[in-house]
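# Examination of the molecular architecture
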Amino acid sequence: MLKLCRVTVATEHSKPIVHNVSLTIGKGELHVLLGPNAAGKSTLLHAIAGTPFYHVISGNIFFEGKDITHISPFERAARGIFLAHQNPPEIRGVTLRVFLQHLVKKYGFKGNVRKILEDYGFTEEHLSREVNVGFSGGERKRLELLQAEIINPKLLLLDEPDSGIDVDSLKLIAEKINNFIQRGKSILLVTHRRHILEYLKDIHVAYVMMSGRIVYSGEPHTVFKVVEEKGFKYFKHIPEGVLV
Amino acid sequence: MKWSEEVKELAKKALNKPPAYGPLINVSKFRITSEIKDLQTLLERPDVLKRILSVGIDVKTKYRAGTFMQFDEKIIKTLAGVPCVKIMSLEEAKEEFGEEWLEKYYWRAISVDTDMFTAFVELYGRGGYVIIVEKNCKVEKPLQACLYLATESFLQTPHNIVIIEDGAEANLITGCTIGAHRGAHLGISEFYVGRNAKLTFTMIHSWGPLVDVRPRTGVVVDEGGVFISNYISLRPVNTVQTFPKAVLKGEKASATFNTLIYGLGKSFYDLGAKAVLKASKTSAQISSKVVAAGSSTIISRGLIVAEADDVKGHYECRGLMLSNKASIRTIPELETKVKNAELTHEAAIGRINANELAYLMSRGFTEEEAVAMIVKGFLEPEVPGLPYTLKMMIKKFTEIAAKGL
């Protein structure tokens, strides 16, 4: 589904933030990318989604066998790549109703939007509000995932869907992630907390990213155990690519 | 000397008086004789009908309580569908009501010698409507007036007078548009809102890139009266300059001016409003939302003068820049002659937030689609108490404008 070959990413006016990252995610697989703050995890997701200001300066991104390294973000979205933002912006003047109407139209969604809104804990009152304006942390994260229900992408890039939310939202989000996997979606989940992992089933592989490099990857439970016992600082001292 | 003679004399003296703002227009370059030969044929032409519909005019008049239509200087329809509403041409009103009426309502909300344009309309102007909504008459459906420029290089010069008598309520939609390429419009409008009366006046302009527009507007609001003006111009124009003035002369009177401008091409806009709070507990709100695209220039002014106790005024301008070649300038002025007035202003001009754009693009929208969605949202009017039909109409216009990016 997704293949990264030695991808190096820089943002505008910056030195490379992500270095030589290679990974492959198959259909229906859930991969988890762990790492401390500022390790480059979000940068990698933005580079895959093609967000402006994030530039792949070397390496290639393949999606369903096609090189998408240099195509626009909206083309990537159209091909089935979805990014759930860590800090989705407020869209002033655009109500949630209007925004969702645009998505429904664009992606030809035939399901019941009201049912989905209810499932994700939204009410009629939210529809009249501007997108993310005055939304709580949990509401913003849930709204990100809710959009994936309408868009129906093939690959979900989830950027810390577990940060800044209460336990109820966390459980709901984890349940929805499990549900997406059951439906054959591929997911790359970024987090630096282990709590959400307790609720997730079938994690295929876990990575640890430090200073823009994937320094560790392997069977999820082993990785979580090492992170739990030794902390992220432990990974500073291991040579790249060496598995414990 | 009679008032009608006096204003003529004042006009003659002001015929060369330059306007306070905006570029001059050489009126001698335009013609004041219409070339329309067959009005009925013109009214049936699909392109004409399309233009008229585009400024909110219901040609079949089914959803309107009254209609006035003027093509060039020719008045083609005056129709009042409600017994307590009178609609007629200014000429008819002069004849019917006589000098006493003129003394009360003719050039009283705005001075005839304001500038060369007001003077020109008094001396050479033709056409314009008089609408009178009688005491306590509450008109449910909107009234409408259409001013259409048909002849190439025509100079349209109507003088309109709207009187909302005590306790009456009405919505008036005025749609101004053009079938020719080039032209000018000098329109005088006087509004008299009586005690506890209410007028919502919505003016929709859809001119063309070679049209110069100089509306001159005066409003007088009596005790407890409410005047709401919505001015919308979302299509290219050559120049527009207007600075309507509202005098709130009765206690608790209020005036609201909302302006929505979408500057396209080389359009030049200099507009705003002035409110004079002459009686205690009066209030005024002047709000502008402007989008500057292409190489357009938009100047937004707001002047609020407090002359009585316990008054409130607020001026607000929000600008959105879509081009490096465009410009937006906002000029707020607050003046008080009393101690306990509450006058405030705020302004914010910026471009579209790059994060918002990137976010929408990550959802599969092209940059153009994302900009259109944001601009449309930006222009969405937040006017409390705006009738539903007007809300829907404005929504439709902003959608069309956003699509035209």
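Scoring rules and cut-offs
Residues numbered from 1 in each chain as written. Chains lettered and ligands numbered in written order. Predicted model: local features only at pLDDT ≥ 70, side-chain atom pairs only at ≥ 80, totals over all residues. Helix = DSSP H or I, 4+ residues; strand = E, 2+ residues; numbered from the N terminus. Buried ≥ 20, exposed ≤ 12 C-beta atoms within 10 Å, placed from the backbone. Contact = placed C-beta atoms within 7 Å. Rg over C-alpha atoms; globule rule 2.2 N^0.38 Å. Pairing = 2+ DSSP bridges. Axes fitted to C-alpha atoms, helices over the stretch in contact; angles between N-to-C directions. Nonpolar A, V, L, I, M, F, W, Y, C, P; charged D, E, K, R; others polar. Expected span 1.5 Å × (residues − 1). Domains from an automatic or database assignment. Bend = angle between axes of the 7 residues up to and from the residue. Parallel < 35°, antiparallel > 145°, perpendicular 65-115°, else oblique. Left-handed = near helix turned anticlockwise from the far one by under 90°. Core = buried A, V, L, I, M, F, W, Y, C linked by C-beta atoms within 7 Å. pLDDT = per-residue confidence, 0-100.

Of regular secondary structure, chain A possesses 8 helices and 12 strands. A principal-axis box enclosing the C-alpha atoms of chain A has dimensions of 55 × 35 × 35 Å. Scored against the burial criterion, the 244 residues of chain A give a buried share of 42%. Sequence separation of at least 24 residues holds for 72% of the intrachain contacts in chain A that already meet a minimum separation of 6.

It is worth spelling out the overall build of chain B at this point. For chain B, the count of helices and strands is 8 helices and 23 strands. Taken over the C-alpha trace, chain B has a radius of gyration of 21 Å; the compact-globule value for 405 residues is 22 Å, and the two agree within 12%. For chain B, buried positions account for 56% of its 405 residues. Counted over contacts in chain B with a minimum sequence separation of 6, partners at least 24 positions apart contribute 84%.

Residue and element names in this part refer to chain B. Within the open sheet, the 10 strands sit side by side as β2-β1-β5-β8-β11-β14-β17-β19-β21-β23. Their pairing is mixed. In the strand order of this sheet, the two ends are held by β2 (74-80) and β23 (341-351), each with one partner. Averaged over all pairs of adjacent strands, the angle between their axes in this sheet comes to 5°, without regard to strand direction. When strand β21 (residues 311-321) meets β23, the two strands line up parallel, connected through 11 bridges. Paired with Met321 across the two strands is Arg351, which belongs to β23. Across the face of the sheet, helix α3 (residues 46-54) comes into contact with β5 (143-149), β8 (169-178) and β11 (198-206) while running at roughly 135° to β8. Running over the sheet, helix α7 (residues 367-379) touches β17 (254-263), β19 (283-292) and β21 and is turned about 165° from β19.

Opposite the 19 residues of chain A that make contact, chain B presents 16 residues. Breaking the side of chain A that touches chain B down by element, the ones donating at least two residues are α2 (73-79), β7 (91-95) and α3 (96-107) of chain A. Of the residues assigned to the side of chain A that touches chain B, the class counts are 12 nonpolar, 5 polar and 2 charged.

Side chains three or four residues apart in an α-helix point the same way, a direct result of the helix having 3.6 residues per turn. All names here are of chain A. With 16 residues, helix α7 (residues 167-182) should reach 22 Å at 1.5 Å per residue; the first-to-last C-alpha distance of 23 Å fits that figure. Restricting attention to buried positions, one finds in α7 the residues Ser169, Leu170, Leu172, Ile173, Ile177, Phe180 and Ile181. Each element contacted by the buried residues of α7 is listed here: β3 (30-34), α6 (137-151), β9 (155-159) and β10 (186-191). Residue Gly184 follows α7 closely and has a positive phi angle near 85°.

As a further point, take the pairing of strand β16 (residues 245-248) of chain B. Residues and elements named next belong to chain B. Residues Lys245 and Val247 of β16 are buried on one face, and the alternating residues Ala246 and Leu248, pointing to the opposite face, are buried as well. Bridging between β16 and strand β18 (residues 268-277) involves 4 bridges; their strand directions are parallel. In the sheet register, Lys245 faces β18, and the bridge partner there is Lys274.

Segmentation of chain B into domains returns domain 1 (3-352) and domain 2 (353-405). With centres defined by C-alpha atoms, the gap from domain 1 of chain B to domain 2 of chain B works out at 26 Å.

Before going further, it helps to examine the environment of Lys274 of chain B. All names here are of chain B. Inspection of the secondary structure assignment puts Lys274 in strand β18. A C-alpha to C-alpha distance of 24 Å links Lys274 and Trp207, two positions 67 residues apart in sequence. Sequence-distant contacts of Lys274, defined by excluding residues within four places in its chain, comprise Phe243, Lys245 and Leu303.

What follows concerns helix α4 (residues 90-105) of chain B. Residues and elements named next belong to chain B. An ideal rise of 1.5 Å per residue puts 22 Å on 16 residues; α4 reaches only 11 Å between its terminal C-alpha atoms. At Gly98, α4 shows its maximal kink, close to 115°. At the exit of α4 stands Trp107, carrying a positive phi of roughly 60°.

Residue and element names in this part refer to chain A. For the pair α6 and α7, the least separation of the axes is 10 Å and the interaxial angle reads 15°. With respect to their mutual orientation, α6 and α7 come out roughly parallel. Seen along the crossing, α6 lies across α7 with a hand that is left-handed. Between α6 and α7, the contacting residues are Gly138, Lys141, Arg142, Leu145 and Ala148 on the first element and Ser169, Leu172, Ile173, Lys176 and Phe180 on the second.

Further remarks concern the sheet that holds strand β11 (residues 203-210) of chain A. Strand pairing in a sheet relies on backbone hydrogen bonds. The paired strands run either parallel or antiparallel. Residue and element names in this part refer to chain A. Here we have 6 strands laid out as an open sheet, ordered β6-β9-β10-β3-β11-β12, and mixed in their pairing. With partners counted over all chains shown, the strands left at the sheet margins are β6 (81-84) and β12 (213-218), one partner each. Geometrically, the sheet is characterised by an average inter-axis angle of 20° between neighbouring strands, direction not taken into account. Examined bridge by bridge, β3 and β11 share 5 bridges and lie parallel to one another. Bridged to Leu34 within β11 is Val208. Helix α8 (residues 220-230) rests against β3, β11 and β12 of the sheet, and its axis sits at about 35° to β11.

In this structure, Leu157 of chain A together with Leu248 and Val291 of chain B are the most contacted members of the largest nonpolar core, which totals 195 residues. In this structure, this core is formed jointly by two domains, domain 1 (3-352) and domain 2 (353-405) of chain B, each of which donates at least three residues. In contact with Leu157 of chain A, other than residues within four places in its own chain, are Leu45, Ile48, Ala49, Ile81, Phe82, Leu83, Ala84 and Leu188 of chain A.

Low-confidence regions, as indicated by low pLDDT, have predicted coordinates that should not be scrutinised in detail. Per-residue confidence for chain B gives a mean pLDDT of 92, with 96% of residues at or over 70. As a predicted assembly, this complex carries a pTM of 0.83 together with an ipTM value of 0.92.

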